[in-house]
Amino acid sequence: MRNLSLALLLLISVYGLKAQEQVLHRGAVTETVTANDSISIPYSIYLPPTYDVNNPSNALFIFDSEGEGTKATRLFVSALQGENYIIVANNKPLPQVLDSLDANAKMGLHIMQDVFRKVSLDMNNVYLAGHKSGAQVASALSYIVRGKANLLLIDDVYFANRFADQAQENLAIGVVGEASPNYYQMEDYFYMMKAYNNDNTLYFIEETKTWPSAALMGTLINRLYHLNNERLNKKLSDTVWQRQYQTDLNTIKQLTLADEYVNAYELATDLKGEYRGNVDLDPLRDLQRGLRRSDAYKQEKRFMRSDDIEEGLLLDDISYFLDEDLALGSFSNLGYWDERIQQFRAAAQNSAKPKEQKVAKRMLGYIDYVVTDFLTLNRVALFDQRIFANVLRTLLDPENDTAYLDIISLAAIDGDDNTAYFYLEELLKQGYDDYEALYSIPKTELLRIKPTYNELVESYLGKSKF
């Protein structure tokens, strides 16, 4: 991320240049590429039917983890029908592996630069939305753009303490799935963001494997729009308030029909605060009153409260022992973690017990979140601790080739050949066959010329270099 700041400072300087590459049509989604001699990144862009170069439009930059930019753009076109937004999304995937964020964010940066060149934007109304790894990109870019960012984060987030000052300036709304592995990571982030600004809000829905519904996305962008214009001291017209109010009432009804009772009630509470004094709140009050009186809402609320207590105790145990074992590199406790992870994995696959299934998925995600964070923050020394953390990664995901390769490298640096050989063989047992990569693992120059190393490689791949 350290290389992005200077590049982002160039954004404003290119704003307003006329496009020379491709005609962008009003009221349509156009697939295009960044116009740069050295890099060409595909993305989709939508111009509203009322687009006028002399009347800058709001801008929504979408970062889609799968790179399905046209599909994501059309989702938000539907979500924001009748609103004056230029909508942009990447048509190249954003992989989510350790150390991929920098490259993903640079890709997002190039797209933003290109759009700033081509169209006329209201720079006070720029919004960033992302799903999974795309949410990491959106949040990462928000820390280094000039001014205050407006974020819609779906099922993931990126934060580091060095960005705390900028984070305080941002407006953020998030959505996380009840069984998402990023559940606790999102909770931690929004607990901090809520302390900065009470308007920062996290919503919990049943599932976020894909983008949530267009109705919910439209309402949450409306929320950001209202909050952003309030902090800009910009008054919205009665027409805007009425139009968006009807849209948001429909969203509450759709959430209720989808059995998202608590989510619908909490969103209605937030909307009341925003629309008060601008519209007749009686229809919204009636919806919320009906929810509060319904047996379905009361039952869902009771289940949530009882689950919170039990899960909180479990999380306290996992958090305490995980932090302690990572700090000490406690290899003697690997058996405990292997058993725990296997229990959670089995529960996560048991759809007959949905409550336990959700908790297990959250716990697996929490362990992965803590381990990944530890490795990100500790990149030098602490060899035993980093090896231990990578071993946990192999328990969480036995097919994580990077974890095995990191263990081999760290063990070689630490002079622990036996550990390196053990995990080399475990990697080969998984079917790993990248012959050249095995002879280019960092810091293994002495290890990979030794007979044992080459005998292992030859026994599985049929050949060796030394």
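This one's a predicted model, so the numbers in the text were calculated from it and none came from an experiment.

## Regarding the layout of surface pockets
Right, so step 1: Roughly 970 Å³ of internal volume is contained in the second largest pocket.
Right, so step 2: Along the walls of the second largest pocket sit 30 residues, with Y183, F204, M304, D308 and R362 positioned nearest its centre.
Right, so step 3: Taken together, the elements giving at least two residues each to the lining of the second largest pocket come down to α7 (183-196), β8 (201-205), α12 (295-328) and α14 (354-377).
Right, so step 4: A total of nine residues in the lining of the second largest pocket trace back to one element, the largest contributor, which is α12.

## Thoughts on empty space enclosed by the protein
Right, so step 1: One pass over the structure, following the stated rule, counts two cavities of 30 Å³ or more.
Right, so step 2: Taken as a whole, the largest cavity spans an internal volume of roughly 50 Å³.
Right, so step 3: If you go around the largest cavity, the residues you meet are E178, F204, V262, N263, E266, E300 and M304.
Right, so step 4: The biggest single contributor to the lining of the largest cavity is helix α10 (residues 261-275), with three residues.

## Let's talk about helix α15 (residues 383-396)
Right, so step 1: The terminal C-alpha atoms of α15 lie 20 Å apart, and with 14 residues this matches the ideal 20 Å at 1.5 Å per residue to within 8%.
Right, so step 2: Counting buried residues in α15 gives 12 out of 14 residues, a clear majority hidden from the surface.
Right, so step 3: Listed in full, the buried residues belonging to α15 are Q385, R386, I387, F388, A389, N390, V391, L392, R393, T394, L395 and L396.

## Thoughts on the nonpolar core
Right, so step 1: Formed by 97 residues in total, the largest nonpolar core has its most connected members in F61, Y189 and L438.
Right, so step 2: At 10 residues, the largest contribution of residues to this core is made by α14.
Right, so step 3: Those residues within four positions of L438 in sequence are excluded, and the remaining contacts are L405, L424, L427, L428, Y432, R448, Y453, V457 and L461.
Right, so step 4: Residues Y46, A89, L220 and I221 belong to the second largest nonpolar core, which totals 49 residues.

## What about the sheet that holds strand β2 (residues 42-47)?
Right, so step 1: Overall, mixed pairing links the eight strands, which are arranged β1-β2-β4-β3-β5-β6-β7-β8 in an open sheet. Strands at the two margins of the open sheet, each flanked by one partner only, are β1 (28-33) and β8. Between one strand axis and the next, the sheet turns through 15° on average, direction left out of account.
Right, so step 2: Of the strand pairs in this sheet, β2 and strand β4 (residues 85-90) are connected by four bridges, and their pairing is antiparallel. Residue pairing in the sheet places Y43 in a bridge with N90 of β4.
Right, so step 3: Contacts from helix α8 (residues 214-231) reach β3 (57-64), β4, β5 (121-131), β6 (150-154), β7 (171-177) and β8 within the one sheet, and its direction differs from that of β7 by about 160°.

## Some points on the pattern of salt bridges
It is possible for side chains bearing opposite charge to pair when their charged atoms get close.
Right, so step 1: Scanning all chains against the criterion turns up 20 salt bridges.
Right, so step 2: The shortest N-O distance in the salt bridge between E311 and R362 comes to 2.7 Å. Taken together, the residues span a long stretch of sequence, with E311 in helix α12 and R362 in helix α14 at a distance of 51 residues.
Right, so step 3: With relative accessibility at 6%, the residue E311 sits in the buried group.
Right, so step 4: For D417, the salt bridge is made with K450, and the minimal N-O distance between the two is 2.6 Å. Taken together, the residues span a long stretch of sequence, with D417 in helix α17 (residues 417-429) and K450 in the loop between α18 (435-438) and α19 (451-461) at a distance of 33 residues.
Right, so step 5: For K450, a relative accessible area of 32% puts it in the partly exposed group.
Right, so step 6: Three or more residues are tied together by salt bridges with common partners; here these are D114, R117 and K118.

## Focus: the packing of aromatic side chains
Right, so step 1: Here the structure, examined in full by the defined rule, presents 26 aromatic pairs.
Right, so step 2: Residues Y184 and Y366 carry aromatic rings whose centres are separated by 5.8 Å and whose planes lie at 85° to one another, so their mutual orientation is edge-to-face. Of the two residues, Y184 sits in helix α7 while Y366 sits in helix α14, which places them 182 residues apart along the sequence.
Right, so step 3: The exposure class assigned to Y184 is buried, which follows from its relative accessible area of 6%.

## Comments concerning the pairing of β3
Right, so step 1: Within β3, eight of the eight residues are buried, leaving the element largely enclosed by the surrounding structure.
Right, so step 2: Judged from the seven bridges that link them, β3 and β5 form a sheet pairing that is parallel. Considered in β5, the bridge of L60 is made with Y127.
Right, so step 3: The sheet contact formed by β3 and β4 spans five bridges and is parallel. By the bridge assignment for β4, F61 is matched with V88.

## A look at helix α4 (residues 101-118)
Right, so step 1: In this model, α4 (18 residues) spans 26 Å end to end at C-alpha, consistent with the 26 Å of a helix rising 1.5 Å per residue.
Right, so step 2: Of all 18 residues in α4, 13 are buried, a share of seventy percent or more.

Reading guide: rules and limits
- Residues numbered from 1 in each chain as written.
- Predicted model: local features only at pLDDT ≥ 70, side-chain atom pairs only at ≥ 80, totals over all residues.
- Heavy atoms only, no water.
- 1 Å grid on protein atoms, 1.4 Å probe; cavity = no way out; pocket = protein on both sides within 12 Å on 5 of 7 lines; lining within 4 Å.
- Points joined across faces, edges and corners; volume = space filled by probe spheres on them.
- Helix = DSSP H or I, 4+ residues; strand = E, 2+ residues; numbered from the N terminus.
- Expected span 1.5 Å × (residues − 1).
- Buried < 20%, exposed > 50% of the residue type's maximum accessible area, 1.4 Å probe, protein only.
- Core = buried A, V, L, I, M, F, W, Y, C linked by side-chain atoms within 4.5 Å.
- Contact = heavy atoms within 4.5 Å.
- Pairing = 2+ DSSP bridges.
- Axes fitted to C-alpha atoms, helices over the stretch in contact; angles between N-to-C directions.
- Salt bridge = Lys/Arg side-chain N within 4 Å of Asp/Glu carboxyl O.
- Phe/Tyr/Trp six-rings, centres within 6.5 Å; stacked < 30°, edge-to-face > 60°.

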